[in-house]
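Structural overview for review
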Amino acid sequence: MTKPIMKFSAGTVQVAVWENESAKGNYKTVSIEKRFKDGDNWRSSSSFKVNELPKAILALQKAYESISMKQENA
(Lines give C-alpha, C1' and ligand atoms only; values in the text may rest on other atoms or scores of the structure.)
Protein backbone atom coordinates (compact mmCIF):
# COMPACT_ATOMS: atom_id res chain seq x y z
CA MET A 1 0.00 0.00 0.00
CA THR A 2 1.31 3.44 -0.86
CA LYS A 3 1.84 6.13 1.74
CA PRO A 4 0.70 9.74 1.54
CA ILE A 5 3.33 12.30 0.57
CA MET A 6 2.07 14.72 3.25
CA LYS A 7 -0.19 14.61 6.32
CA PHE A 8 -1.83 17.42 8.25
CA SER A 9 -3.74 17.21 11.52
CA ALA A 10 -5.94 19.49 13.56
CA GLY A 11 -7.13 17.70 16.66
CA THR A 12 -8.71 14.41 15.63
CA VAL A 13 -9.03 15.44 11.96
CA GLN A 14 -6.36 14.19 9.58
CA VAL A 15 -5.79 15.16 5.95
CA ALA A 16 -3.50 13.13 3.70
CA VAL A 17 -2.12 14.19 0.31
CA TRP A 18 -1.51 11.46 -2.24
CA GLU A 19 0.60 11.49 -5.43
CA ASN A 20 -1.08 9.78 -8.38
CA GLU A 21 0.11 8.95 -11.86
CA SER A 22 -1.82 8.83 -15.10
CA ALA A 23 -1.08 8.83 -18.80
CA LYS A 24 -1.66 12.60 -18.75
CA GLY A 25 0.84 13.18 -15.92
CA ASN A 26 1.02 13.25 -12.15
CA TYR A 27 -1.65 14.77 -9.95
CA LYS A 28 -2.46 14.98 -6.26
CA THR A 29 -5.58 13.96 -4.36
CA VAL A 30 -6.58 14.65 -0.78
CA SER A 31 -8.36 12.43 1.73
CA ILE A 32 -9.83 13.52 5.05
CA GLU A 33 -10.84 11.48 8.07
CA LYS A 34 -11.56 11.76 11.75
CA ARG A 35 -9.73 9.34 14.07
CA PHE A 36 -11.27 8.30 17.38
CA LYS A 37 -10.90 5.59 19.96
CA ASP A 38 -13.72 3.08 20.45
CA GLY A 39 -12.77 1.18 23.58
CA ASP A 40 -9.24 -0.10 22.93
CA ASN A 41 -9.49 0.19 19.14
CA TRP A 42 -8.79 3.18 16.90
CA ARG A 43 -11.43 3.86 14.27
CA SER A 44 -11.87 6.39 11.50
CA SER A 45 -14.86 8.18 10.04
CA SER A 46 -15.59 10.53 7.18
CA SER A 47 -18.49 12.13 9.05
CA PHE A 48 -17.93 15.23 11.15
CA LYS A 49 -19.88 16.94 13.91
CA VAL A 50 -20.54 20.64 13.40
CA ASN A 51 -17.94 21.60 16.03
CA GLU A 52 -15.30 19.53 14.15
CA LEU A 53 -15.75 21.47 10.90
CA PRO A 54 -13.31 24.27 11.84
CA LYS A 55 -10.61 21.63 12.44
CA ALA A 56 -11.41 20.03 9.07
CA ILE A 57 -11.20 23.41 7.37
CA LEU A 58 -7.87 24.18 9.05
CA ALA A 59 -6.31 20.83 8.07
CA LEU A 60 -7.56 21.20 4.49
CA GLN A 61 -6.18 24.76 4.29
CA LYS A 62 -2.78 23.52 5.49
CA ALA A 63 -2.80 20.84 2.78
CA TYR A 64 -3.88 23.30 0.09
CA GLU A 65 -1.21 25.83 1.07
CA SER A 66 1.50 23.18 1.06
CA ILE A 67 0.44 21.79 -2.32
CA SER A 68 0.15 25.28 -3.82
CA MET A 69 3.55 26.39 -2.50
CA LYS A 70 5.27 23.28 -3.90
CA GLN A 71 3.66 23.86 -7.32
CA GLU A 72 4.78 27.49 -7.36
CA ASN A 73 8.35 26.51 -6.47
CA ALA A 74 8.51 23.72 -9.06
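What counts and what doesn't
Residues numbered from 1 in each chain as written. Predicted model: local features only at pLDDT ≥ 70, side-chain atom pairs only at ≥ 80, totals over all residues. Heavy atoms only, no water. Patch = residues over 30% accessible without salt bridge, like charges linked within 9 Å, V, L, I, M, F, W, Y side chains within 5 Å. Areas by Shrake-Rupley, 256 points an atom, 1.4 Å probe, with all protein chains shown as cover. Salt bridge = Lys/Arg side-chain N within 4 Å of Asp/Glu carboxyl O. Helix = DSSP H or I, 4+ residues; strand = E, 2+ residues; numbered from the N terminus. Buried < 20%, exposed > 50% of the residue type's maximum accessible area, 1.4 Å probe, protein only. Pairing = 2+ DSSP bridges.

This next bit is on a nonpolar patch on the surface. A cluster of nonpolar residues, Val 50, Leu 53 and Ile 57, forms a patch on the protein surface that exposes about 300 Å² of accessible area. Position of Leu 53 among the secondary structure elements: in helix α1 (residues 53-73). A relative accessible area of 41% means that Leu 53 is categorised as partly exposed.

Inspection of the sheet shows strand β1 (residues 6-10) paired to strand β2 (residues 13-22) by 5 bridges, in the antiparallel sense. For Lys 7, the partnering residue across the bridge sits in β2 and is Ala 16. Here β1 folds back onto β2 in antiparallel fashion, the turn holding 2 residues, of which Gly 11 has a positive phi close to 65°. Relative to strand β3 (residues 25-38), β2 is paired through 10 bridges, and the arrangement is antiparallel. Looking at β3, one finds that Glu 19 is bridged to Lys 28. Between the antiparallel neighbours β2 and β3 lie 2 residues.

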